[in-house]
Amino acid sequence: MAKELIEVHLALCWPNKQEIFTVKVEIGTSVAAFLASHQSLLKDWPYDGRYGIFSEQVKGTYPLKEGDRIELYRPLIADAKAARLKRVKLSLIHISEPT
């Protein structure tokens with residue numbers, strides 16, 4: 001008897017583009033099992049071990065559901081607090097310049 005399949009999406013978001021792969025998997029497949037069996041899609045991805053479904057972090061045991069979008073998170077390249085401070089300093093310089 002054929003196993004029932006569902007369709008899920010794998011989203012890889014690069015700084016300058018987004019790649020979405022649509023994949024059919026068996027009902028009950030966990031996120032961890034999905035990632036283990038689809039390593040070829042992740043060969044160039046700087047994966048840091050974190051992932052989520054629709055922007056919500058989940059555990060590897062999470063059972064995939066029809067239409068789920070699996071998102072793999074990249075490591076941060078900039079400290080958010082330091083980047084914000086830098087933007088504020090630049091805006092203050094710009095404000096204080098005479099016109």
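Structural notes, computed from the coordinates. A quick note: this is a predicted structure, and the numbers were derived from the prediction, not measured.

Right, let's get into the nonpolar core. By size, the foremost hydrophobic cluster in this structure holds 17 residues, and its most contacted members are Val 31, Phe 34, Leu 64, Ile 70 and Leu 72. Looking at this core, the elements that each hand over two or more residues are β1 (5-13), β2 (18-26), α1 (31-37), β3 (51-53) and β5 (69-72). At four residues, β1 tops the list of elements feeding residues into this core.

Over the atoms, a rolled probe matching the size of one water molecule traces out where space is still vacant. By volume, the largest pocket amounts to about 160 Å³. Residue lining of the largest pocket: 11 residues in total, with Cys 13, Trp 45, Leu 72, Tyr 73 and Arg 74 positioned closest to the centre. Broken down by class, the residue content of the lining of the largest pocket amounts to eight nonpolar, no polar and three charged.

Turning our attention to the pairing of β1. Regular strands place side chains that alternate from one sheet face to the opposite one. Alignment of β1 against β2, held across nine bridges, turns out to be antiparallel. Following the sheet pairing, His 9 is matched in β2 by Thr 22. Linkage of β1 to β2, two consecutive antiparallel strands, is achieved through a turn of four residues. Summarising the sheet, β1 and β5 pair through three bridges and their orientation is parallel. Counted as the bridge partner of His 9 is Arg 69 from β5.

Reading guide: rules and limits
Residues numbered from 1 in each chain as written. Predicted model: local features only at pLDDT ≥ 70, side-chain atom pairs only at ≥ 80, totals over all residues. Heavy atoms only, no water. Core = buried A, V, L, I, M, F, W, Y, C linked by side-chain atoms within 4.5 Å. Buried < 20%, exposed > 50% of the residue type's maximum accessible area, 1.4 Å probe, protein only. Helix = DSSP H or I, 4+ residues; strand = E, 2+ residues; numbered from the N terminus. 1 Å grid on protein atoms, 1.4 Å probe; cavity = no way out; pocket = protein on both sides within 12 Å on 5 of 7 lines; lining within 4 Å. Points joined across faces, edges and corners; volume = space filled by probe spheres on them. Nonpolar A, V, L, I, M, F, W, Y, C, P; charged D, E, K, R; others polar. Pairing = 2+ DSSP bridges.

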